[in-house]
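What follows is each chain in one-letter form.
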Amino acid sequence: MAFTKTASVLGSPVVYRLNPNAKRYTLKDNGFTETNSGNFQLIRPLDATPQNKTGFKLKVTVTSDLSSFKMSVTTANGLKAVNIFKDASHEMNQEKFYFLMDGMISRGLFEKVE
C-alpha cells in the first residue's frame, strides 16, 4: 500500500486526511512511534480486551515529512488487510475503529474528507 494524501481502511465509507496543523510532537504524544526509516507508525488493537493477541489491529503510518500517510486494519500478525465492514459480526471492531479515529481527529491529527 502506497502513501497518499487521503486514505481509508478497506470497506469504510469514511475517508481521512492529515490535519495541516499536525506536528511531529503531536504524533508522538498520541502514541505514534518513529520507525527506522523516520516514518511514524501507530498500531492499536480493535478488540474489547487488549490482551487478546488474535484480534484485528489498526495500523496507521505517516511519512516523516507529514505529507502523506496510509492506514489499514490487519490481522493479528499485521500481514494481511481485513475488511471489518463487510458483515455485522465485526460491529464492535467498527465502533472501536471509529472511536480511535474520532479521538485522533479531536486531537488535531486527522480530518474527515467531505
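Provided above is the structure to which this section pertains.
The structure contained in this document is the topic of the report that follows. These numbers come from a predicted model, not from an experiment.

Some points on the sheet that holds strand β6 (residues 69-74)
Then, number 1: Strand order in the open sheet formed by 4 strands is β3-β4-β5-β6, and the pairing between neighbours is antiparallel. Since the sheet does not close on itself, it has two edges, and those belong to β3 (33-34) and β6, each with one partner.
Then, number 2: Looking at chain direction, strand β5 (residues 57-62) and β6 are connected through 6 bridges and run antiparallel. Of the residues in β6, the one forming a bridge with Val60 is Met71.

A short note on the environment of Tyr25
Then, number 1: Within the secondary structure, Tyr25 is located in helix α1 (residues 24-29).
Then, number 2: In sequence terms Tyr25 and Ala2 are 23 residues apart; their C-alpha atoms lie 24 Å from each other.

So, the pattern of salt bridges
Then, number 1: One pass over the structure, following the stated rule, counts 4 salt bridges.
Then, number 2: Two residues, Arg24 and Glu34, come together in a salt bridge whose shortest N-O distance is 3.3 Å. Taken together, the positions of Arg24 in helix α1 and Glu34 in strand β3 put the pair 10 residues apart, joining distant regions of the chain.
Then, number 3: In this structure Arg24 comes out as partly exposed when scored by relative accessible area, which is 38%.
Then, number 4: Of the charged contacts, one joins Lys28 and Glu34 as a salt bridge, the two residues approaching to 3.5 Å between their closest N and O atoms.
Then, number 5: Connected via shared salt-bridge partners are Arg24, Lys28 and Glu34.

Parameters and conventions
- Residues numbered from 1 in each chain as written.
- Predicted model: local features only at pLDDT ≥ 70, side-chain atom pairs only at ≥ 80, totals over all residues.
- Heavy atoms only, no water.
- Pairing = 2+ DSSP bridges.
- Helix = DSSP H or I, 4+ residues; strand = E, 2+ residues; numbered from the N terminus.
- Salt bridge = Lys/Arg side-chain N within 4 Å of Asp/Glu carboxyl O.
- Buried < 20%, exposed > 50% of the residue type's maximum accessible area, 1.4 Å probe, protein only.

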